[in-house]
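The primary structure of each chain is shown beneath.
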Amino acid sequence: MLQDSSIRKSLDQYIKRRIQEIPTEIKQTFPNIKKIWKCNNELDFLYGYYVGKIEEGSLHYLLKATRASAGGYVDTFEIRGIIETHKNELVDSIRSAIN
């Protein structure tokens, strides 16, 4: 499905926009993450959280962008792989919010 370069480019842009929003979102939503979620490593916890949120948002975005039916097949591993190509940007964005 993501072989279409225009869809892939659009998805990359969506992911980049979401990553840019993360520092503000973290500061507003997660001021005391270690206390609330009882996690040892804020960065790891938030990384996993945001990969999941971006993946979920990407699925909705793709369905809307391609006007596909909800029953259509979308490979979530392919989407996660695309998100992982932005790993460094995502980690930097989270790190900037928690430091």
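Residues numbered from 1 in each chain as written. Predicted model: local features only at pLDDT ≥ 70, side-chain atom pairs only at ≥ 80, totals over all residues. Heavy atoms only, no water.

S.K.: An account of the packing of aromatic side chains is needed here, citing residue identities and associated values.
M.R.: Going through the model one piece at a time under the given rule, you end up with one aromatic pair. Between Tyr 49 and Tyr 50, the ring centres sit 5.0 Å apart and the planes meet at 90°, which makes this aromatic pair edge-to-face. For Tyr 49, a relative accessible area of 31% corresponds to the partly exposed category. (Phe/Tyr/Trp six-rings, centres within 6.5 Å; stacked < 30°, edge-to-face > 60°. Buried < 20%, exposed > 50% of the residue type's maximum accessible area, 1.4 Å probe, protein only.)

S.K.: Explain the pattern of salt bridges residue by residue, including any values.
M.R.: Any two side chains of opposite charge can pair, given that their charged atoms come close. Counting across every chain of the model gives six salt bridges. The salt bridge partner of Arg 18 is Glu 21, with a shortest N-O separation of 2.8 Å. Here Arg 18 pairs with Glu 21, and both are found in helix α1 (residues 5-29), just three residues apart, close to one helical turn. Here Arg 18 makes a salt bridge to Glu 25, at a shortest N to O gap of 3.2 Å. Using a relative accessible area of 12% as the deciding quantity, one classes Arg 18 as buried. (Salt bridge = Lys/Arg side-chain N within 4 Å of Asp/Glu carboxyl O. Helix = DSSP H or I, 4+ residues; strand = E, 2+ residues; numbered from the N terminus.)

S.K.: Go over helix α4 (residues 76-84), please, and point to the residues and values.
M.R.: Buried within α4 we find Ile 79, Ile 82 and Ile 83. Buried residues in α4, looked at end-on, bunch into an arc of 100°, giving them a common side. (Arc of directions from axis to C-beta.)

S.K.: Break down α1 for me, with residues and values.
M.R.: In this model α1 runs 34 Å from its N-terminal to its C-terminal C-alpha over 25 residues, within 8% of the 36 Å that 1.5 Å per residue would give. Bending of α1 peaks at approximately 40° at the position of Ile 22, with proline Pro 23 no more than four residues after it. Within α1, the full set of buried residues consists of Ile 7, Ser 10, Leu 11, Asp 12, Tyr 14, Ile 15, Arg 18, Ile 19, Ile 22, Pro 23 and Ile 26. (Expected span 1.5 Å × (residues − 1). Bend = angle between axes of the 7 residues up to and from the residue.)

S.K.: How would you sum up the side chain of Glu 55? Please name residues and give values.
M.R.: Among the structural elements, Glu 55 can be located in helix α3 (residues 42-66). On the basis of relative accessibility, which here comes to 10%, the residue Glu 55 falls in the buried class. Beyond its immediate chain neighbours, meaning those up to four positions away, Glu 55 contacts Thr 76, Ile 79, Arg 80 and Ile 83. (Contact = heavy atoms within 4.5 Å.)

S.K.: Explain the environment of Leu 46 to me, using residue names and the numbers behind them.
M.R.: Within the fold, Leu 46 resides in helix α3. Classification of Leu 46 as buried rests on a relative accessible area of 0%. Each C-alpha atom, one on Leu 46 and one on Ile 22, is 9.9 Å from the other, the two residues being 24 residues apart in sequence. In contact with Leu 46, other than residues within four places in its own chain, are Ile 26, Phe 30, Ile 33, Ile 94 and Ile 98.

S.K.: Please provide a residue-by-residue account of the nonpolar core, values included.
M.R.: General note: in soluble globular proteins, nonpolar side chains tend to be found buried as a group. Counting residues in each nonpolar core, the largest one holds 24 residues, and the members touching the most others are Ile 15, Ile 22, Ile 26, Tyr 50, Leu 90 and Ile 94. Of all the secondary-structure elements, those providing two or more residues to this core are α1, α3, α4 and α5 (87-98). Among residues more than four places away in sequence, those in contact with Ile 94 are Ile 22, Ile 26, Leu 43, Leu 46, Tyr 47 and Tyr 50. (Core = buried A, V, L, I, M, F, W, Y, C linked by side-chain atoms within 4.5 Å.)

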